[in-house]
Amino acid sequence: MRPLKRRRGWARGNRLVYALERLWLRRPVRLLMRVVLPAVVAFLVAHSWLTRPGVLEGFHERYLATIDWIESRPEFRVRQMRITGASAELQDDIREILGLDFPASVLTLDLEALKARVAALDAVASARLSVQEGVLEIAVRERVPAVVWQRRDGFELLEAEGHRVGPLARRMLRADLPLLVGDGADRAVPEALGLIEAAGRLAPRLRALIRIGERRWDMLLESGVRIALPEEAPRAALARLLVLDRIHDLLARRISRVDLRVAERPVVRVAPAALPVVFLGMAPEPAVMAGLPTPAEDMAVLAAPAGAGAPGSTGSGDNGDRK
Amino acid sequence: MTVSMFQAQRAMRQKYRQALKHGLFAVLDIGAWKTACFVLRHEEDMRADPLAWQGNLRLEATAVSASEGVSRGEILDMRRAEKVIRTVIRRAQKEVGECIDHVFVTFGGGNPVSAITSGTTELGGERTRESDIADALAACPLPDFGAGRQLLHAQPLHFWIDNRTGLGDPLGQTGQELGVEMHLLAVDLPVFDGVLGCVRNCDLELCGLTAAGQAAGLGVLTEEERRLGAAVVDIGAGTADIALFFRQHMIHAASIPLGGALVTSDIAYAFGIPFAEAERLKTRFGGCIATSRDDLDEIPLEVEGEWEGERRTTTRTELIGVIVPRMEEILEAVRERLEAIEFYAMPSQRIVLTGGASQLPGLDRMAARILGDQVRLGVPIRIARLPENARGPEFAALVGLVHHVMRPSDEWWDFEGFERRSKGPVGRIIHWLASNW
């Protein structure tokens, strides 16, 4: 007969407890209970709370306020900007291009980007930016204009390496700098400067260096004489011209053009007597005009050192160069 | 004996493979006094520390609990027996931290009946194939074990081809006729079903059942003893299991429903004390041979319901006087059984006593008097990581079961063939479908 009160042995083997214990020992079950379930519950709670109106916006506002508070700390504040090594014009340019409002915070200033913007200015060779005790220091090395470049639409100042420094309204504002003309002249500025240096006593009489076909130079003198230099070794050709000039006083004669492109055969075009230098857009100087030799004399002079120099050969070489 | 029985054994083999694949399983000894469990881990490649491994097995945990509802190898109260199994499994699980799904079980008793049978098949000069072995096994006539019996073991002992005998593995040998001798062991079906039901009710998969005698033999006997021939007697609380080994195989098994629990109840009756107290006296003061000194040892008896101040005492001589007749009875029964199977005609008459009751002091001398000269007490062969408290003879069967799991014996059902004989081609297709889906 079944006893009314179940006799309990000491063995504790409740089937439900046993089954639950075994279930708990299964790895997927444990993973489910320990990781998946808490994650789901946490997600649901967070989701239901965050989707209530105003909660996320509140977070955002508080975040912005905190950021603002940190940035406006005096330790991080930049009160002013100091620019060194730049002309007044350039300083204005830099201030304009940076467009900073002071006081600003160090944390919001992107020095690298600012530096890039300053360095992007043509007149700036290099810039160093730093913030020291609330002052934004901008140390600028300015580009020094070396030549004036005449383009179709105006004048520009170029550095010795050919880099653009800035526009120039009128030539006479920088009369001290030599003038370069022609497309591609900016890419050959060092060569041009070299030529000017090599021109020696011609240099003060130099009106302009004209880049022809983006490959060689023509040298235009105040007197209206145009000296066509070869593409290769123009300095040597110029030196030769200087020797010619010293021996024969060539440039003082009434010529319009000296063609040095073929080294062994320099060619001189004699200025037509009926058409004085006015043709080249230059005020005729009576003193020079008076002493000019006749074209026939010129030809005789030049024929001797160049060997078999023929007067007819001058025209053929000129046509291609003149633009 | 039916096809369904074969399928049950095959299913157990399948689960055995599953258990090894799963990697963690338990071996369980359901005894009358204690239920013990070892948790083993199986890995194909032993890592790091080979000393911690026994073969490919590693002992992970042990758990022991007193048994309830089991008596003389029979499960009397399934619910309580299940509770005990659950308790043990829970303890083991707690120690390992993983869920145990597969168990191997050994149990004593069940009234085992052992028989040897043989069968032959024609080879016709061909090489022996596995199917020939299966045919030979299938040709073995089944002795009549009677109704309500379940075959527990059916192990091929040795093969012969024509006049060459004693072949362990005849595969590839040529000859005219292949013969096999097989040892069959059957137990009572209710006992078998009881164990099966208990394990199933604990949500465990039964991967193998081993008779306690076989397990104890593997746990206690040395390899030499098993080869030369020896009998192991595992005297537990409820049963004394005998297994006879010869040439590495168990050739006979028997069980006597007498054990240490009877000694305890004798003491309880003799002195009118509770069972637990009697057990304490037996283990603390018990023995098999009295000496003159024992008269002087006064043993206080704790009696339930007795008044304070009124204490009874007894002497050790009296205690031994109660124990000796019962132990003699058990050993006499063992001797009777051994004589019945003509053990004493065997070349080696080595007897190894093990099991919890073999710990009684002086039992070896008493056994030598009754069973013969070559008696020794056996403790289980050590396996790696076996804790100190599980090294006693009461764990012989469990340790042996570990060995048996590690190197399972060939059984009849490991060879295809039985169904092949009993069914036509259509039946075989159906069988294949049924066993694979």
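Residues numbered from 1 in each chain as written. Chains lettered and ligands numbered in written order. Predicted model: local features only at pLDDT ≥ 70, side-chain atom pairs only at ≥ 80, totals over all residues.

Caption draft 1: Structural detail: the sheet that holds strand S17 (residues 350–354) of chain B. Residues and elements named next belong to chain B. Taken together, five strands build an open sheet; the order of strands is S14-S13-S12-S17-S18 and the sheet is mixed. Whereas interior strands pair on both sides, the edge strands pair on one side only; in this sheet they are strand S14 (249–256) and strand S18 (375–377). Between one strand axis and the next, the sheet turns by 20° as a mean value, whatever way the strands run. Strand direction decides the pairing type here: strand S13 (residues 240–246) and S14, joined by seven bridges, are antiparallel. The residue of S14 that forms the bridge with Asp241 is Ser255. (Pairing = 2+ DSSP bridges. Helix = DSSP H or I, 4+ residues; strand = E, 2+ residues; numbered from the N terminus. Axes fitted to C-alpha atoms, helices over the stretch in contact; angles between N-to-C directions.)

Caption draft 2: Structural context of the packing of helix H1 (residues 15–25) of chain A against helix H2 (residues 78–96) of chain B. Running from N to C, H1 of chain A and H2 of chain B cross one another at 25°; their axes reach a closest spacing of 11 Å. The orientation of H1 of chain A with respect to H2 of chain B, classified from their angle, is roughly parallel. As for the relative orientation of H1 of chain A and H2 of chain B, their crossing is left-handed in sense. Residue-level inspection shows Tyr18, Glu21 and Leu25 of chain A of H1 of chain A in contact with H2 of chain B, the latter providing Arg86, Arg90 and Gln93 of chain B. For the contact of H1 of chain A with H2 of chain B, the class distribution of residues is two nonpolar, one polar and three charged. (Parallel < 35°, antiparallel > 145°, perpendicular 65-115°, else oblique. Left-handed = near helix turned anticlockwise from the far one by under 90°. Contact = placed C-beta atoms within 7 Å. Nonpolar A, V, L, I, M, F, W, Y, C, P; charged D, E, K, R; others polar.)

Caption draft 3: Quick look at the sheet that holds strand S5 (residues 135–142) of chain A. Residue and element names in this part refer to chain A. Strands sit in the order S2-S5-S4 across an open sheet of three strands; the sheet is mixed. Unpaired on one side and paired on the other, strand S2 (80–84) and strand S4 (124–132) mark the two borders of the sheet. Between one strand and the next, the sheet's axes are offset by a mean angle of 20°, whatever the strand orientation. When S2 meets S5, the two strands line up parallel, connected through five bridges. Following the sheet pairing, Thr84 is matched in S5 by Ala139. Strand contacts of helix H5 (residues 111–119): S4 and S5, with the helix running at about 150° to S4, the strand carrying the most contacts.

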